[in-house]
Amino acid sequence: MRVNFTVNGRPQEADDVWEGESLLYVLRERLGLPGSKNACEQGECGSCTVRLDGVPVCSCLVAAGQAEGRDVVTVEGLADFAKQRAEGGCASGACGTTLQDAQQWKAKGTDSQTGEGTELSPIQQAFIDAGAVQCGFCTPGLLVASDELLERNPNPSDADIREALSGNLCRCTGYEKIMDAVRLAAARQSEEV
Amino acid sequence: MPTNGAPTKITQGSQTKGGIGESTLRPDGTLKVTGEFAYSSDMWHEDMLWGQILRSTVAHAEIVSIDISEALAMAGVYAVLTYDDLPTEVKNYGLEIQDTPVLAHGKVRHHGEPVALVAADHPETARRAAAKIKVDYRELPVITDEASATAPDAILVHENRDDHHAGHVPHPNIVHRQPIIRGNVEEARKRADVIVEGEYTFGMQDQAFLGPESGLAVPEEDGGVHLYVATQWLHSDLKQIAPVLGLPEEKVRMTLSGVGGAFGGREDLSMQIHACLLALRTGKPVKIVYNRFESFFGHVHRHPAKLYYEHGATKDGKLTHMKCKIVLDGGAYASASPAVVGNASSLSVGPYVVDDVDIEAIALYSNNPPCGAMRGFGAVQACFAYEAQMDKLAKKLGMDPVEFRQLNAMEQGTIMPTGQPVDSPAPVAELLRRVKAMPMPPERQWESSEGADVRQLPGGLSNTTHGENVVRGVGIAVGIKNVGFSEGFDDYSTAKVRMEVIGGEPVVTVHTAMAEVGQGGVTVHAQIARTELGVTQVTIHPADTQVGSAGSTSASRQTYVTGGAVKNTCELVREKVLEIGRRKFGSYHPAWATAELLLEGGKVVTDGGEVLGDLADVLEGEVVEIEEEWRHRPTEAFDLRTGQGNGHVQYSFAAHRAVVEVDTELGLVKVIELACAQDVGKALNPLSVVGQIQGGTTQGLGVAVMEEIIVDPKTAKVRNPSFTDYLIPTILDTPTIPVDVLELADDHAPYGLRGIGEAPTLSSTPAVLAAIRNATGLELNRTPVRPEHLTGTA
Amino acid sequence: MDFLRPASWEEALAAKAEHPTAVPIAGGTDVMVEINFDHRRPEYLLDLNRIGDLTEWEVGEESVRLGASVPYTRIMENLRAELPGLALASHTVASPQIRNRGGVGGNLGTASPAGDAHPALLAAGAEVEAESAARGTRLIPIDDFYTGVKRNALQPDELIRAVHVKKADGPQQYSKVGTRNAMVIAVCAFGLALHPETRTVRTGIGSAAPTPVRAKAAEEFLNAALEEGGFWDNGKIITPSVAKQFAELCSGGCNPIDDVRGTASYRRHAVGVMARRTLTWTWESYRGARRASEGAA
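Residues numbered from 1 in each chain as written. Chains lettered and ligands numbered in written order. Predicted model: local features only at pLDDT ≥ 70, side-chain atom pairs only at ≥ 80, totals over all residues. Heavy atoms only, no water.

Peer 1: Outline the interface of chain A and chain C, supporting the account with residue identities and numerical values.
Peer 2: Contact residues are listed per partner, giving 36 residues for chain A and 29 residues for chain C. Of the roughly 2500 Å² buried at the junction of chain A and chain C (both faces included), carbon and sulfur atoms supply 56%. Looking only at chain A, the three residues that lose the most surface to chain C are Glu19, Leu61 and Gln66 of chain A, adding up to 24% of its buried area. Remark: the boundary between chain A and chain C carries two salt bridges. Between arginine 5 of chain C and glutamate 68 of chain A there is a salt bridge, with its nearest N and O atoms 3.1 Å apart. When residues of the side of chain A that touches chain C are traced back to their parent elements, those giving at least two are β3 (49-52), β4 (55-58) and α6 (158-164) of chain A. Sort the elements by how many residues they give to the side of chain A that touches chain C and β4 of chain A lands first, with four residues. Looking at the side of chain A that touches chain C residue by residue, the class counts come to 17 nonpolar, 11 polar and eight charged. (Contact = heavy atoms within 4.5 Å. Buried area = accessible area lost by both parts, 1.4 Å probe. Salt bridge = Lys/Arg side-chain N within 4 Å of Asp/Glu carboxyl O. Helix = DSSP H or I, 4+ residues; strand = E, 2+ residues; numbered from the N terminus. Nonpolar A, V, L, I, M, F, W, Y, C, P; charged D, E, K, R; others polar.)

Peer 1: Explain the nonpolar core residue by residue, including any values.
Peer 2: Residues and elements named next belong to chain B. Of all hydrophobic cores here, the largest spans 98 residues; its most connected members are Tyr309, Ile326, Val705, Val768 and Ile772. Among the elements that take part in this core, helix α10 (residues 379-397) stands out by supplying 12 residues, more than any other. Ranked by size, the runner-up nonpolar core spans 88 residues in total, among them Ala529, Cys570, Ala591 and Leu684. (Core = buried A, V, L, I, M, F, W, Y, C linked by side-chain atoms within 4.5 Å. Buried < 20%, exposed > 50% of the residue type's maximum accessible area, 1.4 Å probe, protein only.)

Peer 1: If you had to explain the pairing of strand β24 (residues 505-511) of chain B to someone new, which residues and values would you point to?
Peer 2: Residue and element names in this part refer to chain B. In terms of residue burial, β24 counts as a mostly covered element, since six of its seven residues are buried. As defined by bridge partners, strand β23 (residues 492-502) adjoins β24 across seven bridges and the pair is classed as antiparallel. Opposite valine 501, over in β24, you have proline 506 as the bridge partner. Hairpin connection from β23 to β24: two residues lie between these consecutive antiparallel strands, with glycine 503 at a positive phi of about 60°. (Pairing = 2+ DSSP bridges.)

Peer 1: Explain the UniProt feature "domain: FAD-binding PCMH-type" (unreviewed entry) in chain C to me, using residue names and the numbers behind them.
Peer 2: Annotation from UniProt places "domain: FAD-binding PCMH-type" (unreviewed entry) at residues 1-170 of chain C. In the segment residues 1-170 of chain C, helix accounts for 32% and strand for 26%; the C-alpha atoms at its two ends are 47 Å apart. (UniProt positions renumbered as here; feature names shortened; annotations may be inferred.)

Peer 1: Account for the side chain of threonine 203 of chain C, naming residues and giving values.
Peer 2: Residues and elements named next belong to chain C. Tracing the sequence through the fold places threonine 203 in strand β13 (residues 200-206). For threonine 203, a relative accessible area of 0% corresponds to the buried category. Among residues more than four places away in sequence, those in contact with threonine 203 are Leu122, Ala123, Phe190, Gly191, Leu192, Arg214, Ala215, Glu219 and Phe246.

Peer 1: Which residues make up the domain arrangement of chain C, and what values do they have?
Peer 2: Residue and element names in this part refer to chain C. By the assigned domains, chain C splits into domain 1 (2-166) and domain 2 (177-296). Taking the mean C-alpha position of each, domain 1 and domain 2 sit 25 Å from one another. On the side of domain 2, 23 residues touch domain 1, which itself brings 19 residues to the contact. Summed over both sides, the interface between domain 1 and domain 2 buries roughly 1400 Å², with carbon and sulfur atoms accounting for 62% of that surface. Our count for the contact surface shared by domain 1 and domain 2 stands at two salt bridges. Across the salt bridge formed by aspartate 143 and arginine 214, the nearest N and O atoms sit 2.5 Å from each other. Put simply, domain 1 and domain 2 have six residue pairs in polar contact (both at pLDDT 80 or more) between them. Looking at the side of domain 1 that touches domain 2, the elements with two or more residues in it are α7 (117-124), α8 (142-145) and β8 (146-148). Per element, the largest residue contribution to the side of domain 1 that touches domain 2 is five residues, and it comes from α7. (Domains from an automatic or database assignment. Polar contact = N/O pair within 3.5 Å; in protein donor to acceptor, adjacent residues only side chain to side chain.)

Peer 1: Which residues make up the packing of aromatic side chains, and what values do they have?
Peer 2: Taken as a whole and judged by the stated rule, the model has 21 aromatic pairs over all chains. Pairing phenylalanine 296 of chain B with phenylalanine 723 of chain B gives two aromatic rings, centres 6.1 Å apart and planes at 85°, and the pair type is edge-to-face. Of this pair, phenylalanine 296 of chain B sits in helix α8 (residues 292-298) while phenylalanine 723 of chain B sits in the loop between α17 (686-705) and β32 (739-742), placing them 427 residues apart in sequence. Overall, the relative accessible area of 2% leaves phenylalanine 296 of chain B in the buried class. Ring centres of tryptophan 232 of chain C and tryptophan 283 of chain C lie 5.3 Å apart, and the angle between their planes is 70°; this geometry places the pair in the edge-to-face category. Of this pair, tryptophan 232 of chain C sits in helix α10 (residues 231-234) while tryptophan 283 of chain C sits in helix α12 (residues 264-296), placing them 51 residues apart in sequence. With a relative accessible area of 2%, tryptophan 232 of chain C lands in the buried category. Judged by its relative accessible area of 2%, tryptophan 283 of chain C falls in the buried class. Connected via pairs of aromatic rings, a cluster forms that spans Phe231, Trp232, Trp283 and Tyr286 of chain C. Between lysine 37 of chain A and the ring centre of phenylalanine 137 of chain A, over which it is positioned, the NZ or CZ distance is 5.8 Å. Between the NZ or CZ atom of arginine 266 of chain B and the centre of the ring of phenylalanine 209 of chain B, over which it lies, the distance is 3.9 Å. (Phe/Tyr/Trp six-rings, centres within 6.5 Å; stacked < 30°, edge-to-face > 60°. Lys NZ or Arg CZ within 6 Å of the ring centre and 35° of its normal.)

Peer 1: Outline the UniProt feature "domain: Aldehyde oxidase/xanthine dehydrogenase a/b hammerhead" (unreviewed entry) in chain B, supporting the account with residue identities and numerical values.
Peer 2: The UniProt entry lists residues 34-141 of chain B under the feature "domain: Aldehyde oxidase/xanthine dehydrogenase a/b hammerhead" (unreviewed entry), expressed in the numbering used here. Taken end to end, residues 34-141 of chain B has its terminal C-alpha atoms 51 Å apart, with 14% of it in helix and 35% in strand.

Peer 1: Can you lay out the sheet that holds strand β12 (residues 225-229) of chain B for me, pointing to particular residues and giving the numbers?
Peer 2: Within a sheet, each strand pairs with its neighbour through backbone hydrogen bonds, oriented either parallel or antiparallel. Residue and element names in this part refer to chain B. One open sheet accounts for seven strands, arranged β3-β7-β1-β14-β11-β12-β13; its pairing is mixed. Only two strands of the sheet have a single neighbouring strand rather than two, namely β3 (77-81) and β13 (252-256). Neighbour-to-neighbour, the strand axes of this sheet turn through a mean angle of 20°, independent of strand direction. The pairing of strand β11 (residues 214-219) with strand β14 (residues 286-289) spans four bridges and is classified as antiparallel. (Axes fitted to C-alpha atoms, helices over the stretch in contact; angles between N-to-C directions.)

Now the structure itself:
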């Protein structure tokens, strides 16, 4: 079947989709957006978290066909999404990664690319600064979930952070640096205001 | 009691920004937060096929027949392979003993063993085809424990063993046995005023890395194959893959893809050979990605263990002797079992002084899932048991458990049960003092003006208690782990370092085959290069097999060994650069010849601080590139009868204090705080060091209260291969983890550093168990402890 | 496999009538896992996401008509006063991501004994609104809904449109045991609702029998004991012996199995503990409310 939906502000079309495919599979294997991660495919780890019409969901539990006509934000679009939110504009439309850009994604090795010049959202920067990234496999899902938490609750208590992120497993960090990162992003956010 | 070791002398590069000792940020951080970092499961190729593995549905059976005809006839299916399709005489692989069939031959020995492979144009087509392969099994009795493995009439898991352990084991279903005898236990026992015995059980833990086994094999024009994969040791993979494919090693090119965690679970091969076989057969790129269910069958687990301990002590609290037997279940294939036995036996006494010991460790062959490497292997199981013993002894003697441990703590100069002297700082008593001295977390943090905050109570969001029957407990434990590969293994690493001028700036490229699995080796390598070569711009080349082996990312060894190799090669490059400088500029300034020269901040300076010139000028028109192997000091094998030998390179120590709150009526546990003190020798990157300690601590917490692969003892089948039923700690299960880092230099190691990755996983588990015992008064001789164990309803 | 995307409820009923084997999918929590892990290959998937009114609710005089797909997050946030037991249960469902998408209809459709909503529905009192194109709407009392392990009273051509849950007329509680502090499937669960209007107590037990069940003997015992002691009127503390016997009868109402999540013996024990605690919490709350209203009067 064919599925049309918007990803990171750009209309996308996937063809020959098998009806049992998940949104996660379509993003990763058909749209060149592998940032959302395939750690458990059973809704038990949060690595595949995306915003579906603004709501954080496990994309592994969304049938591809259910995404028809809907609006998806993935980690690849998080920086633009946060920027537009900060600027208070561009709910949809010509923001984010172009289809061409998205499909040009290709394998990159672990070189020393520091990505300087890449514009990051505050939560992305905080994860790097706080040492919240180790293997990084849980990171995309945690970023989407943390960003949404801070959007809802700019000044969360530790218990609020733990509750909001309780659907995202991390196996490397012991979560302490993730807590630090969310606190850091919240603090930076409140300084700006 | 040592509180300060020799300060580590770092002169070279101490003025260069981003060098060692700083918490520089990960070079791959930006790619990882933007979703661009290419993990092995993200690899994609035009025209690629999907590989699928058909696995055995039973644990132990003869294969009567395999019929692939229906699968092969399906549209979209490009290949179906079984044992008969293997191209050469080499049909097995293995880390130390090549006993693992690439595809089952006539027999399966564990639930989930690979039997056949499919390549198809879509994962669903591949799954449907695999489901159409008909395998006729004739089931055999299963071997599941020591009794069934060593019974006189036991079926042999592997017949006709000819490996190097076969000759000395008491039964062919024992992979390896290592006794350690020192002193005279019978005599020493007579001096004991108290004797404590215990029988302990350690459950089967899974690494549960989040990035599933995956990779992409691309056939190449020269008949070879290029494999992009997530692994812990590229060259070890290569040695096992190439012979099975019938290719010379240079025709199997391997590039490390992004690795989504490892923790030992990627030390053995998983999909590597399978993907290559399918790619070579079909002539197309083949991608294999396990799902979580398959991942539980696709890698080895931590050895479950039974541990029998006897300790004695005098009434003034001095240990007299220790006798133990440790039975590790290695499952169907050897994997790392021999090394796990070596660690378990040689570290079974813990970080304590005991002169008279009688130790025996064995690993079984059984029909349970194969077990092998996981963070802290061998030492983790032993630490759980000996720390329980220490608490029992202290209790029996009426002593404070920390003071009792301190009284018996090893220190620099202590002789290990293997006869090996501990020749670098061993601040065991000090680590215990530090965790004990940390401020206690406030009581009843769950109380708020709006009633109980269940998120901070046992049971969490499930709303099981509002404070009823919640009892606090505190426990302390300490452990010892060896660093690096032991027992005479030639444990080396290779680093290639290139220095040149690009755009007027001196730039260094570091190329190793080290598997970055998340630990931050790439960060540290860049720091070392900056320190040694006085530059700021360092590029880390992707890890591949175009450079010599870096050894495994395991055994807490990479910063030590590959870090040591990078340091060593950088030193050679520095000499070369200075040689060029002397040649070019020596005549302009006498200091070039007379002073000790350093590279700092992009300049050549004298040890007196005088700047002699810019590196950019020295290197103008020159490229310095050196590839060199580096080894730590050699170790020896343990004697097979006495266990004597200088088997280990270095030891690593950590202590934990756990504070728990237990709902004693429901048997639910909330860990409130898990404080750790660890000696790291030298923290090359303090932020990463703390991150490693916190992560290791949490894995220890997991196996204390929830993590266990449950195998049906009747069928040897895995009952919970999913993240629904194999639970790892969430952020609501994980407490704050304050870390106190001690830096006592080991003069034998680069920069005085100590391998750190594993030690925190050891003592975390027994500390939590001790705290639960403290809260409940129960004996608790197994881990993980489940609610039924705390409520008498097991 | 075919993917059916009805745009309206009528279209969905027609599709289900035409393809009775079609598997409805809304939040995807159960269905997608089965598909991802190759446990199920339905001929048709029937997507209910496009039917907007399934995510709506109406608060009526007696009950709340809760659309089958109202996400658990919405129940937690918006229906805490009307459906406190279900709101508490919703908060224990899986993860925030799943609570954002999953709804009670999925729990009812799957009818797993471990579904988190069931004990709360049993305790509150509810009716499942099922509908088919051929026979229209019927209301199935929750007590008759669960018919076996993962089986329910739905006909092959029926879909769940909503569930009518009685509005709370007294305190309600919900408690669930899992071996993790979040994102965990119930080892067992317990729901309890006080119904001061009818002077009754209702219960619900999850994951401790082949289906979700009420502990009827325990309810009868407690109803009688409360009546006899005049507790509803005098607001006295329930005596420990009454609470203890109630807990024991709740344990006795279980018919659990040993599995990887827990032993049968533990489940019986834990249900008893949860029964006693939830009774204490709700009764304390009832007494508090009585005192408050007396104080006001």
